Amino acid sequence: MTLSSLAITVAATTSTTLKKQSRNSKFSTLALFFVATSASSAARAFSSSTPTFLPRHHQLSLSRRSASSTLNNSVIYNTRGGSLASIVGKKLSLSRRFSSTQIEQEVVSEMDEVKAAASKISAADKLALMRQKMEENGVDVYIIPSDDPHLSEYVPAAYMRRGYLTDFHGSAGTALVTKDAAYLWTDSRYFNEASLRLDAGHWTLMKQGQPKVPTIPKFLADLATSHYTTNSKPLKVGMDAYVHAASFAKELNEAFADAAKDMEGDVPPTIAAIDTLDGKQNVVDSIWEGRPDLPKNPFRVHPMKYAGMTVQDKVTKIRSEMTEKKATMTVFSALDDIAYLFNVRCMGDVETCPIGIAYATISKDEVALYCDPEKVAPADVSEHLKEAGVTVKPYDDIVSDIESHLSAGKKNKVWLDNGRSNYALSRVIPEAALIDAQNPVTAMKACKNEAEMEGMRQAHIVDGAAMANFMAWLENAIVVEGRSVSEVEIDEVLTGFRAKQPGFKEVSFPTIAGVGANGAIVHYRAAEGSDLLKYLDRTQPILIDSGGQYEYGTTDVTRTWHFAEKPDDEFREVYTRVLKGNIGVDSMIFPENTPGFVLDVFARKALWEIGKDYGHGTGHGVGAALNVHEGPHGISPRWGNKEVLKAGMVTSNEPGYYEDGNFGIRIENLLEIVEISSSDDATNGEEPANKKQKVAAEGKKFLKFGKLTLIPIQKNLIKVEIMTEDELNWLDSYHQEVLQKVKPLLEEGTPAMEWLVKSCEPIKRD
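Residues numbered from 1 in each chain as written. Predicted model: local features only at pLDDT ≥ 70, side-chain atom pairs only at ≥ 80, totals over all residues. Heavy atoms only, no water.

**Overview of the side chain of Thr554**
Structurally, the position occupied by Thr554 is in strand β21 (residues 553–554). Side-chain polar atoms of Thr554 contact the backbone nitrogen of Ala625, separated by 3.1 Å. A polar contact of 3.1 Å, which involves the side chain of Thr554, links it to the backbone nitrogen of Leu626. (Helix = DSSP H or I, 4+ residues; strand = E, 2+ residues; numbered from the N terminus. Polar contact = N/O pair within 3.5 Å; in protein donor to acceptor, adjacent residues only side chain to side chain.)

Next comes the structure, spelled out in structure tokens:
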């Protein structure tokens, strides 16, 4: 049942006047419930004190599967029966808890099968098989990235080659195998996890970005120099052209050429050569028995009330930009770009991401979607694409169609972003015919229209209600009942409460629920039977990073909780400084054309004052009912991303601190970027009236952040004495906003309502 239809059903008893007033609103029926007179109806419709069940761990992890038909299951939204104490511990079958399709269950089991397969064969045996196949193919080195042909962050199980080979399953990392060594490069988010997962007897962890750790191109250039000096022949570097960015291949060739210049002789020798092994099987695939099949799940139409812009209008805008660039064809490879362009979504192809495997092209006289025919089999999808003038073509025709387009006219040029497209696509385009630039969808998608932003706002309101129910349950389990609750159960119960919200589809990324030392593993993922699995009680903190994919929006929030009667003073000190960093970014007023890295220092200042820092970026973009990680903007200390922040963008704000072997702290909210008019106050609304100043109207536009996430921050972990008056005012103002927007979705007298009201009380300042 959709958001609107559920709300209409519940609102049937409200006044005729309210119903009439609501008909013209994009989210009219949901908006009714934010009126005080209808708060009670809203609470009954959208939330409850507790569910009629509390999920336990089952073979298929609930957080990694769909609950799209939850609202059609009366067990799910019969929300008023049973007390919290009587419900805890009840067990129901997974099929009764969530109504998932067989396809969705298979996606989850395939993910688990990859991990099981990776652990079944030893590192020594897999590497021996790899080296045998490398020798057969005539290559000295083979590179295995995390990517699929669309360079996705999260990939279908069939493309989890690096995970299968290394037994490290983080979303970022590249493996490199030589005849006598094996290496894994990954970033600081995964240093801890990779060191735990890799077999140190056979794999060397390369902590990218750290001193004396070379990049892959530099490493291979040095290896090529040594190899050529010893053997007088080039180093053969094997790679699959379809799963490496075109820009990476270019970097490799440039690194080899630069290194060759330092060799003796009048003419620089060819010290290395890339071999894409065309026509041959990917080397990892050749040793991977039982590799999963490629998914073929159908698209669904993303309604206009959430998309806000027709496919035809998007195509018209793109063609206008193509004219300016003098491009005759634009190629789209990133899956979220394609989902956005055609107003479609998909479930099951890529875990937690509502995207489907496809390519797309736009030329002067054709708009083409390249995908498996099963993906467009639903009648409404087929009709939707037909009305938009989209031609559906076989997935594998993309390369030949690019070649045909170029051969059709000497002046034809192809617009393709080499950084977001695979090498197989790029290499068929001559340099003179290539327009290598950010594709036009990237910017369109990043700056949300009003319908998309309204969907994001509503997603965070219902997400706040889900979290209030969850936290009431968790606090009761830990503090009142004195239970020890596993990270897996925490993950599943939280997903259960989200699944009760209207329009919920699945989680927006695998939930991170890290107790104690596991909280310091930045992208930790709890699993039953794991040696790392921990249980939460009152002696340790927990970091929970989670989110939901709703039909109308995407959420991502992190909170760190600690139920100790008297939390450790040092922990509270660091927690407070992380919070100060969050407030520092949130409160910023900044001029247009400001790149994200400029704001990063405000997130770290309080930590730097005591000699502490964190290794990840502070903020990433978020899609509207799309990928939880979205470019092109970000907030990070790395100056390479100079993309400016613009009105309509959504970014995370997530400073943290991690002490390996002890704990992790992160406080994350999503923010929308809004333009300040000359009548707005320049204090972002948190300071007392006597401190407010007007923004100077000198022709320059200024921007600020609007809050999306609506989940309280634990007040008893805050050391008030190191907070400023303005920061305390910010906290109270934020909690008032949370209470105002989430309260109408909860029922009076329930544990969730009591928890929310208590959590949003003004902080004691004495």
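**A look at helix α9 (residues 123–137)**
In this model α9 runs 21 Å from its N-terminal to its C-terminal C-alpha over 15 residues, within 8% of the 21 Å that 1.5 Å per residue would give. Backbone geometry just after α9 places Gly138 at a positive phi near 75 degrees. (Expected span 1.5 Å × (residues − 1).)

**As for the sheet that holds strand β16 (residues 504–507)**
As summarised here, the arrangement of the 3 strands in space is β16-β20-β21, forming an open sheet in which the pairing is antiparallel. Both edges of this open sheet fall to β16 and β21, since each of them pairs with a single strand only. The sheet contact formed by β16 and strand β20 (residues 548–550) spans 3 bridges and is antiparallel. Within β20, the residue paired with Val507 across the bridge is Gly548. With respect to the sheet, helix α23 (residues 487–499) is in contact with β16 and β20, its orientation differing from that of β16 by roughly 160 degrees. (Pairing = 2+ DSSP bridges. Contact = heavy atoms within 4.5 Å. Axes fitted to C-alpha atoms, helices over the stretch in contact; angles between N-to-C directions.)

**Observations regarding the packing of aromatic side chains**
Taken as a whole and judged by the stated rule, the model has 17 aromatic pairs. Measuring from ring centre to ring centre gives 5.2 Å for Trp185 and Phe219, while their planes differ by 75 degrees; the resulting arrangement is edge-to-face. Within this pair, whereas Trp185 is found in strand β3 (residues 182–186), its partner Phe219 is found in helix α12 (residues 216–231), the two being separated by 34 residues in sequence. For Trp185, a relative accessible area of 2% puts it in the buried group. Taking the relative accessible area as the measure of exposure, Phe219 reaches 14% and is therefore buried. A ring pair is formed by Tyr657 and Phe663, whose centres lie 6.3 Å apart and whose planes are at 55 degrees; its orientation type is tilted. (Phe/Tyr/Trp six-rings, centres within 6.5 Å; stacked < 30°, edge-to-face > 60°. Buried < 20%, exposed > 50% of the residue type's maximum accessible area, 1.4 Å probe, protein only.)

**What about unusual backbone geometry?**
Pro632 follows Gly631 through a cis peptide bond whose omega is 5 degrees. By the element assignment, Pro632 lies in strand β25 (residues 630–635). The phi dihedral of Lys212 falls on the positive side, at around 65 degrees, and the residue is not glycine. One can find Lys212 in the loop between β4 (204–207) and α12. A positive phi is found at Lys326, a non-glycine position, where the angle reads about 65 degrees. When you line up the elements, Lys326 lands in the loop between α16 (311–325) and β8 (329–332).

**Focus on the side chain of His244**
Here His244 is to be found in the loop between β5 (235–238) and α13 (246–261). Here His244 is in contact with Ile143, Pro145, Leu151, Met239, Ser421, Asn422 and Tyr423, once residues within four sequence places are set aside.

**Looking at the pattern of salt bridges**
This structure, assessed with the given rule, holds 45 salt bridges. When the shortest N-O distance is used, the salt bridge between Asp187 and Arg189 registers 2.8 Å. For the pair formed by Asp187 and Arg189, the shared burial category is buried. The salt bridge involving Arg291 is made with Asp285; its shortest N-O contact spans 3.2 Å. The exposure class assigned to Arg291 is partly exposed, which follows from its relative accessible area of 27%. On the basis of relative accessible area, Asp285 is assigned to the buried category, the value being 10%. Several salt bridges converge on common partners, so that one network encompasses Asp569, Arg572, Glu573, Arg577, Lys605, Glu609, Lys719 and Glu721. (Salt bridge = Lys/Arg side-chain N within 4 Å of Asp/Glu carboxyl O.)

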